[in-house]
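# Tertiary structure, described
One-letter residues, chain by chain:
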Amino acid sequence: MTATHDVDMEKMVVVEGSYSVAHAVKVCRPNVISAYPITPQTHIVEDLSQFMADGEIPGCEYLNVESEFSAISALVGASAAGARTYSATTSQGLELMHEVLFNVSGMRLPVVMTVVNRAVSAPINIWNDHQDSISQRDTGWIQLYAEDTQEAADMTAQAFKIAEDKDVLMPAMVCMDGFILSHVYEPVVLLEQDLVDQYLPTFDPEFVLDPKNPMSFGAFADPSTYTEFRYLQEKAMGVALRKIEDAANEFNEIFGRYYGGLIEEYNTEDAEIIIMAMGSIIGTLKDVIDAHSSKGEKIGLVKVRSFRPFPKFEIKKALKDAKMVVVLDKNISIGLNEGALFTETKACLYNTHIDVPVAGYMIGHGGRDIPVSTIEKIIDEAKAAMKTGIDIESQFTDLREELL
Amino acid sequence: MKIIPGAICEPGTTRVNKTGGWRTYRPIYDYDKCIKCKLCELLCPESSVLPKDDGFFEFDYDFCKGCGICANECPKQAIEMVLEEK
């Protein structure tokens, strides 16, 4: 099922991407917000601070902390005490949270956090790529990637619903591309309070940190029990696969907007070449694919909305009849010379009867522009590879060799 | 035993897990030197110095980790740290 926007022009306003996300957080009625400002996430927390100062988020406490490490640590306690909790960060801030991210997920606390994707130092760079969140992929957080500002806002409400589900109870990152989405002004429908109240039930955990009924959270587990905790986290991620689809469908019923569940397939039926990617690059890809379709060329797109849990089944189903797959990654695993989506897509096709060549392109590092001409070049190479086989399995895109 | 996701349990697990097994040196009282000043009881970080009916004290060896603070602070050198032999 492809994305559908049942958009009411009367309701649309032109706001910054960060504002639409901050507004979405507000109408989700959080109890504790704890965040430390860092570019390009700053406008989200500024807008939330303004809402707090104006008394627009009742029953909520905004904590001023001295670092991202404290920001996420404070939410461990708050979430364990039964609060609906939110944070936002990016890049170095997210990397500073690394240790606590494991604690949040190990303690099964459904914290929701916007990650405004940015490159990581060194060299210092404030522009967009996906290295920051991809580096946190094994921490046990759900990771969803938004294509545009409306989806980033809508995904925030979906993330609370998925994370707080009694059969999931795993934290979730809503990833949106820094500047490209966070600082762009686009027409969006701001989430309506009454509809969000209808969509999102109150957070009602079975166990809460309460001095009247003392319990230890995140207790000690020796070798005789530790494995089982990891197993239960993995099992919860398996449940989340279904809940992510459910959350998208229910959102569609109430709000009339749908972006796909785990993945969105665009023109994949009968497609010979299928391109895979995540985030704002999807918009460019759809335009390029539309141009090729009008010439009768069979090129399709798989937009991956959920990177964790990784939708192996849906991806295999979408790729099974393709003749060539191209994966675009705004990240690299240094020493493997591959982006994460490429590696994992290849891995999920192994031990199956699907025999399709997969080529990887690492693209847009540190915010380098991705023009249509670059996508056209990749498509030309994919067409050649369909006939003669893959020449280079995985490579940097638009490398400026004159600088080397 | 069933585990609860998030590793949630009731407090007080050390009632079962006797941490005195971590000890290398064991404190021993010399009651002839002791003046019942209570410093050892006040300063023990593990609450492992217990008062007796006669005003002297005894160690709770189930939880004393042998840190030696009591012996170090005793004004009368009435506590000796002796190597544990297993």
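Report on the accompanying structure. (Residues numbered from 1 in each chain as written. Chains lettered and ligands numbered in written order. Predicted model: local features only at pLDDT ≥ 70, side-chain atom pairs only at ≥ 80, totals over all residues. Heavy atoms only, no water.)

Next up on the list: the sheet that holds strand S17 (residues 394–396) of chain A. Residue and element names in this part refer to chain A. Judged by pairing direction, the sheet is mixed, and its six strands sit side by side in the order S11-S13-S12-S15-S16-S17 without closing on themselves. On the outer flanks of this sheet lie strand S11 (263–266) and S17, each paired with one strand and no other. Here the strands of the sheet are splayed against their neighbours by 20 degrees on average, with no regard to which way each runs. Taken together, the five bridges between strand S12 (residues 273–277) and strand S13 (residues 299–304) define a ladder with parallel strand orientation. Bridging across to S13, Ala277 finds its partner in Lys303. With respect to the sheet, helix H12 (residues 372–388) is in contact with S12, S13, strand S15 (324–329), strand S16 (358–362) and S17, its orientation differing from that of S15 by roughly 150 degrees. (Pairing = 2+ DSSP bridges. Helix = DSSP H or I, 4+ residues; strand = E, 2+ residues; numbered from the N terminus. Axes fitted to C-alpha atoms, helices over the stretch in contact; angles between N-to-C directions. Contact = heavy atoms within 4.5 Å.)

A few words on the side chain of Gln158(A). Relative to the elements of secondary structure, Gln158(A) occurs in helix H6 (residues 149–163). Apart from residues no more than four positions distant in its own chain, Gln158(A) is found in contact with Tyr199(A), Ala247(A), Ala248(A), Phe251(A) and Arg305(A).

A few words on the side chain of Glu84(B). Residues and elements named next belong to chain B. Relative to the assigned elements, Glu84 resides in the segment after strand S4 (79–83). Looking at Glu84, its side chain comes within polar contact range of the side chain of Arg26, at 3.0 Å. When residues no more than four places from it in sequence are discounted, the contact partners of Glu84 are Arg23, Thr24, Tyr25 and Arg26. (Polar contact = N/O pair within 3.5 Å; in protein donor to acceptor, adjacent residues only side chain to side chain.)

Our focus in this paragraph is the sheet that holds strand S3 (residues 32–35) of chain A. Residue and element names in this part refer to chain A. Spatial ordering of the open sheet is given by S4-S3-S5-S6-S8-S7-S14, a layout of seven strands whose pairing is mixed. On the outer flanks of this sheet lie strand S4 (61–64) and strand S14 (306–308), each paired with one strand and no other. Neighbour to neighbour, the strand axes of the sheet diverge by 20 degrees on average, direction disregarded. Of the strand pairs in this sheet, strand S7 (residues 142–145) and strand S8 (residues 172–177) are connected by four bridges, and their pairing is parallel. From the neighbouring strand, Leu144 faces S8, where its bridge partner is Val174. Against the sheet, H6 engages strand S5 (85–89), strand S6 (112–117), S7 and S8, with an angle of about 170 degrees to S8.

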